[in-house]
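# Examination of the molecular architecture
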Amino acid sequence: MIDPDILRVVAITNNIRDGQAGLTARALAAIRGGATCVQLRLKDVQPRDLIEIAREMVRVLPVPLIVNDRADIAIAAGASGVHLGADDVPAVTIRTIVPQQFIIGVSVGSDDEIAGASGADYVGIGPVFATVSKGDAGDPVGTAEFARLAARIGLPAVAIGGISAANARLAMDAGACGIASIAAIFGVSDPAAGARALRSATETSHPARAPH
């Protein structure tokens, strides 16, 4: 069973505009700011290059590395796990070929995708808010629907999609064990500051929930 603390702030990579070394440096900065996990998501990078990047990150990052979509690359690179989309190989199938401690996450955005969470350790539910980071993300589900889906699935649930320091606490109050973001961490000039703001937001009580 996964430690939910690992999922508190998931920093999702966006590109290698500054090369492999630059991406790794940005990931390390995000971790200094409070990111508890890094998801390697590089849609336009060739598999040969992706595995090299993953291996380097496994070597230097002090937090778990989760590879987006590619379980084969995650396994070959010695990463901590994989995050699967609705069109990827099912989690139940991946579970039969990976080590016991290997982390499997699955994206869920509707009731139709809940069955895909079978065999997973956690789910990423969203987009919770409107996002421009993922062109195929779909319409935002909102915090009430996030809470409903999370309750139905019964696994640790990470909120993703349009997450910012301004709304991260709303997601936590809806039952999220953590939040994941591309734009608020890797899309800003200072990933450490971006991650720090998100981490602080997840740990600060929402005004409506504050004790009297």
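Read on for an overview of the structure.

Thresholds, definitions, all that
Residues numbered from 1 in each chain as written. Predicted model: local features only at pLDDT ≥ 70, side-chain atom pairs only at ≥ 80, totals over all residues. Heavy atoms only, no water. Buried < 20%, exposed > 50% of the residue type's maximum accessible area, 1.4 Å probe, protein only. Helix = DSSP H or I, 4+ residues; strand = E, 2+ residues; numbered from the N terminus. Pairing = 2+ DSSP bridges. Expected span 1.5 Å × (residues − 1). Contact = heavy atoms within 4.5 Å. Axes fitted to C-alpha atoms, helices over the stretch in contact; angles between N-to-C directions.

## Digging into the pairing of strand E5 (residues 103-108)
Every other side chain in a regular strand lies on the same face of the sheet, so the side chains alternate between the two faces. Counting buried positions along E5 gives 5 out of 6 residues, so the element sits mostly inside the fold. Where strand E4 (residues 81-84) lies against E5, 4 bridges are found, and the strand directions are parallel. Paired with leucine 84 across the strands is valine 106, a residue of E5. Across 4 bridges, the pairing between E5 and strand E6 (residues 122-125) is parallel. Bridging from a neighbouring strand, valine 106 pairs with valine 123 of E6.

## Some points on helix H7 (residues 191-203)
Spanning 13 residues, H7 covers 18 Å between terminal C-alpha atoms, matching the ideal 18 Å at 1.5 Å per step. Buried within H7 we find Pro191, Ala192, Gly194, Ala195, Leu198, Ala201 and Thr202. Close packing links the buried residues of H7 with strand E1 (9-12), helix H1 (19-33), helix H6 (168-173) and strand E8 (178-181).

## Remarks on the sheet that holds E5
Reading around the barrel, the 8 strands line up as E1-E2-E3-E4-E5-E6-E7-E8 and close back on themselves, with parallel pairing between neighbours. Going across the sheet, the axis of each strand differs from the next one's by a mean of 25°, ignoring polarity.

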